[in-house]
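Survey of secondary and tertiary structure
Chain by chain, the residues run as shown.
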Amino acid sequence: MSALQVYFCGSIRGGRQDRALYARIVDKLRQYGRVLTEHVASEGIRERGEDAVQDGDKGVHDRDLKWLEQADVVIAEVTQPSLGVGYELGRSVAMKKKILCLFRPSSGRCLSAMIRGAEDNKRFFVKDYQEQDIEKILEEYFRATFPDDLTLQP
Ligand SMILES: O=c1[nH]c(=O)n([C@H]2C[C@H](O)[C@@H](COP(=O)(O)O)O2)cc1CO
């Protein structure tokens, strides 16, 4: 079986407070396949967003949607609210992707009803978690969602 294509969503212009956690998530996701959007966790990308992309914002949008089409699974850290992440999730639902949203209640925030309420426990899951458990949560999700994938065998 070829490696899974993983699309990771995290806030950029919505605020970079959780960037280090995104890096931890991306590191773990690499264990399961190719992470198409590694740049979301990059220290070099600040709140202004990417500026090296040809065609600017249109280039970012069109490139990301192509990656989204390719993805086998979408993992989103949704604690830091982000319009871009919300948009990516809406498009992912329309494409019938497998989706896991990760939210930290310890932030004191209340997750948007349009994300929490989209959970169907079939394709769209929302998981409340604590930062220290992130690797375990991802492990459980990938084992349950892709049980036949050889890369997940111990
Ligand atoms: O420069 C960018 N590059 C990029 O890939 N994105 C995508 C990936 C992220 O999952 C999401 C972040 O959206 P926002 O910037 O609205 O927080 O959008 C967003 C931006 C800036 O909006």
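Residues numbered from 1 in each chain as written. Predicted model: local features only at pLDDT ≥ 70, side-chain atom pairs only at ≥ 80, totals over all residues. Heavy atoms only, no water.

You'll find the protein entered in an unreviewed UniProt entry as 2'-deoxynucleoside 5'-phosphate N-hydrolase 1, with Pleurodeles waltl given as the organism. Per UniProt, the comment on the protein under Function (unreviewed entry) is "Catalyzes the cleavage of the N-glycosidic bond of deoxyribonucleoside 5'-monophosphates to yield deoxyribose 5-phosphate and a purine or pyrimidine base. Deoxyribonucleoside 5'-monophosphates containing purine bases are preferred to those containing pyrimidine bases." (UniProt positions renumbered as here; feature names shortened; annotations may be inferred.)

Let's talk about the site of the ligand
Around the ligand sit 18 residues, and of these Arg-13, Glu-50, Asp-64, Ser-82 and Glu-88 come closest. At a separation of 2.9 Å, an oxygen atom of the ligand approaches a polar backbone atom of Ile-12. Between His-39 and the ligand, the recorded distance is 2.7 Å, taken from a side-chain N or O atom to an oxygen atom. Contact with the protein chains removes 90% of the 450 Å² of surface that the ligand exposes when unbound. The biggest single contributor to the shell around the ligand is helix α3 (residues 83-94), with 4 residues. Classifying every residue of the shell around the ligand by side-chain character gives 6 nonpolar, 7 polar and 5 charged. (Near = heavy atom within 4 Å. Polar contact = N/O pair within 3.5 Å; in protein donor to acceptor, adjacent residues only side chain to side chain. Areas by Shrake-Rupley, 256 points an atom, 1.4 Å probe, with all protein chains shown as cover. Helix = DSSP H or I, 4+ residues; strand = E, 2+ residues; numbered from the N terminus. Nonpolar A, V, L, I, M, F, W, Y, C, P; charged D, E, K, R; others polar.)

Concerning α3
With 12 residues, α3 extends 17 Å from end C-alpha to end C-alpha; this agrees with the ideal 16 Å at 1.5 Å per step. Along α3, the positions that sit buried rather than exposed are Val-85, Glu-88, Leu-89 and Ser-92. Along the axis of α3, the buried residues cluster in a sector spanning 100°; they form a single face. Exposed side of α3, more than 90 degrees from the buried face: Leu-83 and Ala-94 are the residues found there. Of the surrounding secondary structure, the elements contacted by the buried residues of α3 are β1 (4-9), α2 (56-70), β3 (73-77), β4 (98-103) and α4 (113-116). Looking one or two residues beyond α3, the residue adopting positive phi is Lys-96, at roughly 60°. (Expected span 1.5 Å × (residues − 1). Buried < 20%, exposed > 50% of the residue type's maximum accessible area, 1.4 Å probe, protein only. Arc of directions from axis to C-beta. Contact = heavy atoms within 4.5 Å.)

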